[in-house]
Amino acid sequence: MAEEPPTIPATVLDETGAREDSKQRRKEAKRLARATRALDPWERYRALVDTLEEAMDLVELADRKARFALLIMGALNVAFFFLVTRTDFIDVLPANLRPFLGFYLLLYAGVALVFFLQAIETLKPRRFRPRVEYPGDGGAEHHPEGLRYYEDVVMRDLDAYRRAWRDVRFGQLNAELAVQNHVMARINSDKYRSLRRLYGGLRVLTVLAGVLLAVLALSMLASRQPPAVRATHKVLPVPESQATTEGASGGFAAPVVLPALGLREASGIAWHAALERFFVVGDRGTLAEVDPAGSVIEQYRVKGNLEDVAVHAPSGRLVLLSEKKGELVVWDPASHSETARFPLDVAGIVGKDPADRNQGFEGIAFREDADQPGGGIFYLVHQRKPARLVALSFNPTGSPRTIGAADVSGRHALKPYEDLTAVAWSEPLGRLLVIAESDDRLLLVSPAGTITGSWPLPGGRQEGLALDPQGALWVADEERGLFKLPGALDVLARAPEAAP
């Protein structure tokens with residue numbers, strides 16, 4: 001039979017439990033005492049060093065955030081100035097918005113400059129040098145000795161600095177760490193205040209760039225709509241000495257709008273018989289090939305403010321008129337490249353100094369004549385002050401040179417008309433076609449400079465014209481795009497002859 005285990009008396013169990021509880025209470029009391037006691041000097045030193053390291057990490061974090069903001073700001077600035085300097089983007093803006101683009105650019109540049117300076121302010125080194133002039137309640141043994149901060153260190157020579165470290169007390173070292181932590185807190189407070197302003201400016205720049213991008217996007221969508229041709233025109237009475245066909249033979253047929261998608265600010269047009277296509281130029285340096293149906297085949301960039309284009313039939317090259325610099329640019333359509341530039345002596349060609357440099361040569365045309373240098377005569381129209389039709393001869397395939405008074409064979413004032421913006425030569429008519437844009441008139445002019453006919457011309461800002469092989473008159477309108485007037489050659493042919 002198995003023996004039963006001995007029974008422990010209840011009093012013994014109670015005493016054992018009481019001892020365990022007492023031991024546990026003493027441990028809890030010790031933990032509570034450790035949690036609430038004052039730190040000893042070494043513990044204060046470690047805590048202060050940890051706090052200082054955290055403050056220095058915050059300084060570095062603020063600097064990284066400022067540098068990141070500068071990267072974003074730089075990308076925004078590059079994108080913004082890329083948009084406002086690309087003429088093919090600016091061309092899509094409505095004409096009434098373009099004058100405000102300069103002010104918008106100035107606004108953006110001003111805001112960008114302010115917040116670029118703010119970024120420098122955020123990154124710049126701070127200096128908060130505390131002045132602890134008295135020991136305080138702790139006495140001299142708890143007064144900073146200036147052993148850690150570099151500006152304090154260099155105030156002693158090397159031997160004195162080494163001696164100070166030998167004599168330093170823990171309380172003095174901890175007091176200096178406390179001062180450094182206070183200084184770092186002030187530095188971080190100032191840095192992060194500046195950083196918040198910097199990121200606020202970054203939001204402003206982003207909004208400004210976004211608004212411009214939205215306006216350009218909406219303008220591009222709107223520009224895809226075919227331009228409408230204005231049907232109303234102003235009529236300027238023609239003197240009796242200059243015959244007009246408007247009443248006797250009727251006007252032109254209704255204009256037909258041509259697609260020419262992607263073509264912006266068309267300012268000149270010419271028919272290239274050998275290539276059987278049109279060439280159209282734009283104010284901002286675009287040259288486009290357009291097929292007889294009015295579709296753009298290809299576009300090129302040519303440096304200059306291009307106002308018109310003519311075909312030099314003997315060579316097949318194009319002669320482009322650049323108004324702002326006053327020069328003729330020769331372009332080879334076979335190689336798609338520029339071959340020469342001929343500066344224009346404007347005063348010598350028109351016979352006097354122009355009153356307004358912004359109203360220069362606007363139109364150019366070519367008429368074949370084997371007896372002339374270069375195989376023909378170029379006709380240029382000077383817009384106003386003075387408004388002139390000028391005939392001159394030069395060889396566009398020769399060496400570049402300045403074209404001046406010696407090359408002129410005739411000058412004509414087409415009074416009473418001003419604002420001459422385009423000229424074209426018609427071989428079947430033996431006449432020049434000239435646009436008087438502000439009067440919305442098409443003039444028929446003899447080589448001797450006599451106006452033999454005048455018609456009202458539809459459109460908004462007619463800048464170029466050319467006749468196609470079917471006798472339709474094509475008009476390059478800076479506001480309305482391309483349109484043509486079918487049967488225009490027949491209407492023009494009915495003009496009565498004027499005395500030479």
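Residues numbered from 1 in each chain as written. Predicted model: local features only at pLDDT ≥ 70, side-chain atom pairs only at ≥ 80, totals over all residues. Heavy atoms only, no water.

**Let's talk about the overall build of the chain**
Per the secondary structure count, the chain includes 10 helices and 20 strands. When each of the 500 residues of the chain is scored for burial, the buried share is 44%. In the chain, the proportion of contacts linking residues at least 24 apart, taken out of those at least 6 apart, comes to 57%. Carbon and sulfur atoms make up 57% of the accessible area of the chain, which amounts to about 26300 Å² in all. (Helix = DSSP H or I, 4+ residues; strand = E, 2+ residues; numbered from the N terminus. Buried < 20%, exposed > 50% of the residue type's maximum accessible area, 1.4 Å probe, protein only. Contact = heavy atoms within 4.5 Å. Areas by Shrake-Rupley, 256 points an atom, 1.4 Å probe, with all protein chains shown as cover.)

**Points about the sheet that holds strand S16 (residues 441-445)**
If you walk across this open sheet you meet the four strands as S14-S15-S16-S17, and the pairing is antiparallel. A strand with exactly one partner marks an edge of an open sheet, and here the two such strands are strand S14 (420-426) and strand S17 (451-456). Put simply, the sheet's adjacent strands are angled 20 degrees from each other on average, direction ignored. Sheet topology places strand S15 (residues 431-436) next to S16; five bridges connect them, and they run antiparallel. Looking at the pairing, Val434 lines up with Leu443 of S16. (Pairing = 2+ DSSP bridges. Axes fitted to C-alpha atoms, helices over the stretch in contact; angles between N-to-C directions.)

**A few points about the packing of aromatic side chains**
This model, assessed by the stated rule, comprises nine aromatic pairs. A centroid spacing of 4.8 Å and a plane angle of 65 degrees characterise the contact between Trp271 and Phe278, whose relative ring orientation is edge-to-face. Each member of the pair Trp271 and Phe278 is classed as buried. What links up through ring pairs into an aromatic cluster is the set Phe342, Phe366, Phe378 and Phe394. (Phe/Tyr/Trp six-rings, centres within 6.5 Å; stacked < 30°, edge-to-face > 60°.)

**Brief notes about the sheet that holds strand S5 (residues 296-301)**
With respect to topology, four strands assemble into an open sheet ordered S2-S3-S4-S5, the strand pairing being antiparallel. The open sheet has two edge strands with one neighbour each: strand S2 (266-272) and S5. The average angle at which neighbouring strand axes cross in this sheet is 20 degrees, direction not considered. Bridging between strand S3 (residues 277-282) and strand S4 (residues 286-290) involves five bridges; their strand directions are antiparallel.

**Remarks on the packing of helix H2 (residues 41-85) against helix H4 (residues 98-123)**
Their axes nearest at 10 Å, the elements H2 and H4 cross at an angle of 165 degrees. Put simply, H2 runs roughly antiparallel to H4. Crossing of H2 over H4 shows left-handed handedness. Listed contacts from H4 to Asp63, Ala66, Arg67, Leu70, Met73, Leu76, Asn77, Phe80, Phe81 and Val84 of H2 are Leu101, Tyr104, Leu105, Tyr108, Ala112, Phe115, Phe116, Ala119, Thr122 and Leu123. Partitioned by chemical class, the residues of the contact of H2 with H4 number 16 nonpolar, two polar and two charged. (Parallel < 35°, antiparallel > 145°, perpendicular 65-115°, else oblique. Left-handed = near helix turned anticlockwise from the far one by under 90°. Nonpolar A, V, L, I, M, F, W, Y, C, P; charged D, E, K, R; others polar.)

**What to know about unusual backbone geometry**
Of the consecutive residues Lys385 and Pro386, the connecting peptide bond is found in the cis state with omega at 5 degrees. Cis geometry is adopted by the peptide bond preceding Pro416, which originates at Lys415 and carries an omega value of 5 degrees. Even without being glycine, His336 reaches a positive phi, approximately 55 degrees. With respect to the helices, strands and loops of the structure, His336 is situated in the loop between strand S8 (327-332) and strand S9 (337-343). On the basis of relative accessibility, which here comes to 39%, the residue His336 falls in the partly exposed class. Positive phi is not limited to glycine here, since Asp440 has a value of about 55 degrees. Considering the arrangement of structural elements, one finds Asp440 in the loop between S15 and S16.

**Examining the environment of Gly453**
The topology assignment puts Gly453 in strand S17. Taking the C-alpha atoms as reference, Gly453 lies 9.8 Å from Ala493; in sequence the two are 40 residues apart.

**Considering the nonpolar core**
Among the nonpolar cores identified, the biggest contains 23 residues, and Tyr108, Leu198, Leu205 and Leu212 are the most heavily contacted of them. Elements supplying a minimum of two residues to this core: H2, H4 and helix H7 (170-223). The element contributing the most residues to this core is H7, with nine residues. Here Leu198 is in contact with Ala66, Ala69, Met73, Phe115, Gln118, Ala119 and Thr122, once residues within four sequence places are set aside. In this structure, Ala310, Leu321, Phe378 and Val390 belong to the second largest nonpolar core, which totals 21 residues. (Core = buried A, V, L, I, M, F, W, Y, C linked by side-chain atoms within 4.5 Å.)

**Description of the pairing of S4**
Counting buried residues in S4 gives five out of five residues, a clear majority hidden from the surface. Residues Thr286, Ala288 and Val290 of S4 are buried on one face, and the alternating residues Leu287 and Glu289, pointing to the opposite face, are buried as well. Remark: three residues form the turn of the hairpin made by S3 and S4, two consecutive strands paired antiparallel; Gly285 in that turn has positive phi of roughly 85 degrees. The hairpin turn running from S4 into S5, its antiparallel successor, is five residues long, and Gly294 in that turn takes a positive phi close to 95 degrees.

**Things to note about H4**
Given a rise of 1.5 Å per residue, 26 residues ought to cover 38 Å, and the 38 Å separating the end C-alpha atoms of H4 matches this to within 8%. All of the buried residues in H4 are Arg98, Leu101, Tyr108, Val111, Ala112, Phe115, Gln118, Ala119 and Thr122. (Expected span 1.5 Å × (residues − 1).)

**Describing the side chain of Lys191**
With respect to the helices and strands, Lys191 occurs in helix H7. Those residues in contact with Lys191, other than ones at most four positions away along the chain, are Val59, Ala62, Asp63, Thr122, Leu123, Lys124 and Arg126.

**Side note on the pairing of strand S11 (residues 376-382)**
One face of the sheet, then the other: side chains in a regular strand alternate in exactly this way. Judged by how many residues are buried, S11 sits mostly within the fold: seven of seven residues are covered. Neither face of S11 is exposed, since Gly376, Phe378, Leu380 and His382 on one face and Ile377, Tyr379 and Val381 on the opposite face are all buried. Pairing of S11 with strand S12 (residues 388-392) involves five bridges; the strand directions are antiparallel. Bridging from a neighbouring strand, Tyr379 pairs with Ala391 of S12. Joining the antiparallel neighbours S11 and S12 is a turn of five residues, in which Lys385 adopts a positive phi near 50 degrees.

**Comments concerning the side chain of His382**
By the secondary structure assignment, His382 is in strand S11. Engagement of the side chain of His382 in a polar contact is seen with the backbone oxygen of Arg384, the distance being 3.4 Å. Within the local environment of His382, its side chain forms a polar contact with the backbone oxygen of Pro386, the two atoms lying 2.7 Å apart. (Polar contact = N/O pair within 3.5 Å; in protein donor to acceptor, adjacent residues only side chain to side chain.)

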